[in-house]
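# Survey of secondary and tertiary structure
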Amino acid sequence: MSGVDVTGVAKSYGATRVLTDITQSFESGTFTSLLGPSGSGKTTLLRIVAGFVAPDEGSVRIAGADVTGVPVYARNIGMVFQSYALFPHMSVAANVGFGLGRRGIRGKAARAQVEEALEMVRLPGFGARHPKQLSGGQQQRVALARAIVIRPDVLLLDEPLSALDRRLRQEMQVELLRIQRESGLTTIFVTHDQEEALTLSDKVAILDRGRIVQMGRPAEVYERPRTKFAAEFLGDANFLTGIVRAGRVEIAGAAIATEDRLPPDGATVTLAVRPEKIAIRPADAAGSGALENSLPATVASVIYTGTALTYMLRSGDLSLKVFAQNSDGSPLAEGSAVVLSWAARHSVSVEG
Amino acid sequence: MPPEVGAAGLPATRRRMPPWLATAALLLPSYAWLTLAVLLPLTAMFVFSFLHATPLGNKPVVWTLEQYRAFHDQPYLLGVAWTSLAIGLWTTGICAVVGFAAALALVRATAGRTRETLLILVLLPFWTNGLVRVFSWTMVIREGGFLDVFVRWFWPSAPSLGFLYTTPAIVLGLVHGYLPYMVLTCYIALLSIDDAVIEAAQSLGARWWTVLFKILVPLAAPGLVTGAILIFVPVIGAFMEPRILGGRVGVTMGTVIEDQFTQAFNWPLGSALAFTMLAVVLAVFATFSGVLRRSAAT
Amino acid sequence: MTSLARIFLGLVLVFLYLPIVVMAAMGFNASPLYALPFDFSTHWYEELAGNGRLIEAGWNSIWLAVLTAVIATALGTLAALALWRRTFRGRAILRILLLPPIAIPWLITGTAMLVFFFWTGIGRGLHAMLIGHVALAIPYVVLVVGTGLQTLRADLEEAAMSLGSTPIHAFFRVTLPLLMPSIVGAALFAFAVSLDQFVISYFLSVPGMTTLPVEIYSAIRKGFTPEINAISTILLVASMIVILGFARFARPGGIGERS
């Protein structure tokens, strides 16, 4: 069964097109991240699913029912806001019980469900406190409890972790994942943090200027980015542009191999290569013949970060970046000649 | 709440009021009231200013522009206008200097609760009855008033320093009335200046007067201008302060206009003079609207 | 430098409070001619209690201020909701239209009301003053409540709606309780505006139907009596209390505040 279906959704504010023809299924019980830079339309898409924004075109179905014309309050959604939006004049229990009250669940039954939800977010017995008395992380948990206690058809999270500091954020990521797995809720999570999206999601959807450019499992999207934007926004990438010649791509005098299907000879293509997939060795060292591609280069600069090294290199007109483990503690010197090599399956053909 | 419920026990979607109707319903009472009590009266007054005489009884209505020639026909009005302008400029100027200095002292020499308390103390008199405050000055500056008593305490044969019923007395009362405005607007403007900017200037070798005139005054200019407008506009329309503190000297545009409505019963002339004053007010607003908008934005 | 600045601030405060203190003190001085030495007496307050005209004007002032506060707060709050929570064409112009009652000298507004009310047969008197006072107070209420709405995050209402509240339910359960400090503050503000209003009341009063400031003005023009000091002191203290109450409610730090 399908959790949320968005079909042909478009939205403009005046002359600005925010979303263009979005068609996407969010499967029941999955955790999907909408990942994109600010202005990519990810929040607008979330607010269209929630019902705060009406799409200009297209339809939204939640749990099989068409809700396009249904106002927010009749949609049975659970939403966690960036600022948590806890009601400051109500106790934690009243906050969590708010949605139950709207569904006619009051008294003993409501109290039991509220306590159960608070236990789920590991805040048992916090019901009598006021939001002001809670830390940022605790407020976050209450907001989550408030959203899940009503057993919504879809849980919508609008950058809920962005206000927390780094350590708390990592802790909450683990909690969020556990709660989502335990509750089995279809979850849509908006974020601009690529690491967060990779860690949490079953599926990642990358948005660029109002379109979903790629959606898939995190590893799939990371290893096989479909566009330059996807490759760059999720992780780091070297882009090698060259001309197809006999099943290979000619770049800086070398013929680069790829396992992707290539257009006919003479066409221009761009290959993306992740910096950590490239092996680097001095030009005079013995070669590792196992890797299909090799490219001579010169070290332009080295950035030393302790556990890892980042090499900035030049090969002809090309600038490249390579991540290497700091395994022997002596980085290659600037200006030294090196050979870069990587496997054919790590040259990923991407669209401009 | 109605018993009809939709899916999952939620309220069903019902036909709602169109949004524009709800907006209109919210706005109508206030704006109808403002129209009745302010906008229509101003319009009516504008119409009156083109009449020859107050329309009483069966007198025929005669349209004329003569009221707007008053400054030409009654040259003494020019003198009155000049007095009003001078009072306005003196009041605004003194308020600017004293108010800016007070705001600066508040921002740079006090902090925390003390600052908050001092600010409230400065602003509090502003929200008390202006008439009563003006009246209270008469007790201080009249001949044999508190000022004289105080001075003669040290120097028993001192001549009277009382200056009630003079133009400086009017200015004093007006400064007292409107100073808090200037303190507040300058305070807000000065508060937003980053300490680091001042430290940067000092690190570049600026002395205090350079910091004051090259950094603080220019950055607080929107506050000074806002304060000046908020003071100048009501001051040129003042009539109660000149009456009480100026006595026979206190003839200003404000008192002349008031006379037309309460004594001379020449409403058309009063209306024309009021609209001339309004034109001056609007000109002041228009000239400085850019500065006002900028200070409102921050 | 710092101590110099503090001395200056002290002098400013002396300037602001000196006449008020002198006046209040003279209300307790037995001599009607402000003579010293000071001779404490509540004589003038007793006189005041027997002055029917002033007492009646005082009650008029209070009733007028209460009615003004109630009407202006009700109307102004509704308008603030539209002006700060809804988007529509002409919103900027409507906000600008709030300014005339604040920005135009009261002398002009007051005389304009006199002309118009006379012309239309509304006439003068307490009812005319009420129309004028409410009009003066509405813009202040809209601005105070609007500021409160601005600091009140819109996502609280959205959160309520996401949990199943209709817009109306969300307003009564979430917005209104959180906005209450601003609304109470606005009401106190409107009360103070009306209580201290002199210019408009002056032009719209008729003999026998005046407010306290108008009555004080005519008494001052006729000649001083320390009775005026007594009633003035009462009026000053009353408006200071109301305004301190306003500061208590409407300042950030009420429950509607962001953490």
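This one's a predicted model, so the numbers in the text were calculated from it and none came from an experiment.

Parameters at a glance
Residues numbered from 1 in each chain as written. Chains lettered and ligands numbered in written order. Predicted model: local features only at pLDDT ≥ 70, side-chain atom pairs only at ≥ 80, totals over all residues. Heavy atoms only, no water. Helix = DSSP H or I, 4+ residues; strand = E, 2+ residues; numbered from the N terminus. Contact = heavy atoms within 4.5 Å. Areas by Shrake-Rupley, 256 points an atom, 1.4 Å probe, with all protein chains shown as cover. Lys, Arg positive; Asp, Glu negative; His and termini not counted. Charge placed at Lys NZ, Arg CZ, Asp CG, Glu CD. Domains from an automatic or database assignment. Buried area = accessible area lost by both parts, 1.4 Å probe. Salt bridge = Lys/Arg side-chain N within 4 Å of Asp/Glu carboxyl O. Polar contact = N/O pair within 3.5 Å; in protein donor to acceptor, adjacent residues only side chain to side chain. Nonpolar A, V, L, I, M, F, W, Y, C, P; charged D, E, K, R; others polar. Axes fitted to C-alpha atoms, helices over the stretch in contact; angles between N-to-C directions. Parallel < 35°, antiparallel > 145°, perpendicular 65-115°, else oblique. Left-handed = near helix turned anticlockwise from the far one by under 90°. Patch = residues over 30% accessible without salt bridge, like charges linked within 9 Å, V, L, I, M, F, W, Y side chains within 5 Å. Buried < 20%, exposed > 50% of the residue type's maximum accessible area, 1.4 Å probe, protein only. Pairing = 2+ DSSP bridges. UniProt positions renumbered as here; feature names shortened; annotations may be inferred. pLDDT = per-residue confidence, 0-100. Right-handed = clockwise from strand over helix to strand, strands pointing away.

Turning to the overall build of chain A, a few remarks are in order. Within chain A, the regular secondary structure consists of eight helices and 20 strands. Along the longest, intermediate and shortest principal axes, the C-alpha atoms of chain A span 80 × 45 × 35 Å. Here the analysis covers contacts within chain A between residues at least 6 apart in sequence; of these, 66% occur between residues at least 24 apart. Accessible surface computed for chain A: about 15,200 Å², of which carbon and sulfur atoms make up 50%. Averaged over its 38 positive side-chain charges, chain A has a centre that lies 7 Å from the centre of its 36 negative ones.

This part is about the domain arrangement of chain B. All names here are of chain B. Each domain of chain B was delimited in the assignment, giving domain 1 (14-48) and domain 2 (76-297). Each of domain 1 and domain 2 was reduced to a C-alpha centroid, and the two centroids are 34 Å apart. The interface is formed by four residues belonging to domain 1 together with six residues belonging to domain 2. Interface area, domain 1 with domain 2, both sides summed: about 480 Å², of which 85% is carbon and sulfur. The largest contributions to the domain 1 side of the interface with domain 2 come from Met45, Phe46 and Phe48, which together make up 88% of the buried area. The interface formed by domain 1 and domain 2 includes zero salt bridges. Where domain 1 packs against domain 2, one counts zero residue pairs in polar contact (both at pLDDT 80 or more). For the side of domain 1 that touches domain 2, the per-class residue count stands at four nonpolar, no polar and no charged.

Before going further, it helps to spend a moment on the packing of helix H8 (residues 195-203) of chain B against helix H9 (residues 208-219) of chain B. All names here are of chain B. In contact at an axis separation of 11 Å, H8 and H9 are set at 160° when each is read in the N-to-C sense. On the basis of the axis angle, H8 is roughly antiparallel to H9. In the packing of H8 onto H9, the handedness of the crossing is right-handed. Only Val211, Ile215, Leu216 and Leu219 of H9 make contact with H8, whose side of the interface consists of Val197, Ile198, Ala201 and Gln202. Of the residues belonging to the contact of H8 with H9, the class tally is seven nonpolar, one polar and no charged.

A contiguous nonpolar patch, built from Ile55, Trp59, Ile62, Trp63, Val66 and Val70 of chain C and spanning about 590 Å² of accessible area, is present on the exposed surface. Take isoleucine 62 of chain C: its relative accessible area is 36%, and that puts it in the partly exposed class.

With that out of the way, let us pick up the pairing of strand E10 (residues 211-216) of chain A. Look at any regular strand and the pattern is simple: side chains alternate between the two faces of the sheet. The pairing of strand E9 (residues 203-208) of chain A with E10 of chain A spans five bridges and is antiparallel. If you follow valine 204 of chain A over to E10 of chain A, its bridge partner there is glycine 216 of chain A.

Even without being a glycine, aspartate 21 of chain A presents a positive backbone phi close to 45°. Its location among the elements puts aspartate 21 of chain A in strand E2 (residues 16-27). Judged by relative accessible area, which is 53%, aspartate 21 of chain A ranks as exposed. You will see that phenylalanine 265 of chain B, though not glycine, has its phi angle at about 60°, which is positive. Examined against the element boundaries, phenylalanine 265 of chain B turns out to sit in the loop between helix H12 (253-262) and helix H13 (267-297). Judged by its relative accessible area of 37%, phenylalanine 265 of chain B is partly exposed.

For the rest of this paragraph, the subject is the UniProt feature "domain: ABC transporter" (unreviewed entry) in chain A. In the numbering used here, UniProt assigns the feature "domain: ABC transporter" (unreviewed entry) to residues 4-234 of chain A. Note that residues 4-234 of chain A is 36% helix and 26% strand, and that its end C-alpha atoms are spaced 24 Å apart.

Let us now look at the pattern of salt bridges. In total, this model carries 26 salt bridges over all chains according to the counting rule given. Note that aspartate 259 of chain B and arginine 243 of chain B form a salt bridge whose closest N and O atoms lie 2.9 Å from each other. Highlighted residues: aspartate 259 of chain B in helix H12 and arginine 243 of chain B in helix H11 (residues 240-246), separated in sequence by 16 residues. For aspartate 259 of chain B, a relative accessible area of 26% puts it in the partly exposed group. Sharing partners across several salt bridges, the network here consists of Arg122, Arg141, Glu171, Glu175, Arg178 and Glu182 of chain A.

Residues and elements named next belong to chain A. The six strands lie next to each other as E6-E7-E8-E3-E9-E10, forming an open sheet whose pairing is mixed. Unpaired on one side and paired on the other, strand E6 (77-80) and E10 mark the two borders of the sheet. Looking at each pair of strands side by side, their axes are set apart by 20° on average, direction ignored. Pairing geometry for strand E3 (residues 31-35) and E9, over four bridges, is parallel. Within E9, the residue paired with leucine 34 across the bridge is alanine 205. Its contacts with the sheet put helix H4 (residues 136-148) on E6 and strand E7 (154-158), and the angle it makes with E6 is roughly 170°.

The next subject is the confidence of the model for chain B. Of all residues in chain B, 91% have pLDDT values of 70 or greater, and the mean over the chain is 86. Counting interchain partners and residues more than four positions distant, the pLDDT-below-50 stretch residues 1-7 of chain B has ten contacts.

With that out of the way, let us pick up the pairing of strand E8 (residues 187-191) of chain A. All names here are of chain A. With five of five residues buried, E8 is to be regarded as a mostly interior element. The two faces of E8 match: Thr187, Phe189 and Thr191 on one face and Ile188 and Val190 on the other face are all buried. Bridge count between E3 and E8: five bridges; the pairing is parallel. What sits directly across from serine 33, in E8, is phenylalanine 189. Sheet analysis places E7 next to E8, joined by four bridges and oriented parallel. Within E8, the position partnered with leucine 156 by the bridge is isoleucine 188. Traced from E7 through helix H5 (residues 166-183) to E8, the parallel crossover comes out right-handed.

Residues and elements named next belong to chain B. Here, the residues flagged by UniProt with the feature "transmembrane region" (unreviewed entry) are residues 20-51, 81-106, 118-141, 161-190, 211-240 and 272-292. Span residues 81-106 is 100% helix and 0% strand, its end C-alpha atoms 36 Å apart. Along residues 211-240, the helical share is 87% and the strand share 0%, with 40 Å between the first and last C-alpha atoms.

Turning to the interface of chain C and chain B, a few remarks are in order. Residue-level contacts link 82 residues of chain C with 75 residues of chain B. Summing the contributions of chain C and of chain B, the shared interface buries around 7,400 Å²; its carbon and sulfur component is 84%. It is Leu9, Phe15 and Leu107 of chain C in chain C that bury the most area against chain B; as a group they hold 8% of the surface buried on that side. Applying the counting criterion to the chain C and chain B interface returns zero salt bridges. On inspection of chain C and its partner chain B, the count reaches eight residue pairs in polar contact (both at pLDDT 80 or more). With 16 residues, helix H1 (residues 2-26) of chain C is the largest single contributor of residues to the side of chain C that touches chain B. Residues that form the side of chain C that touches chain B fall into these classes: 67 nonpolar, nine polar and six charged.

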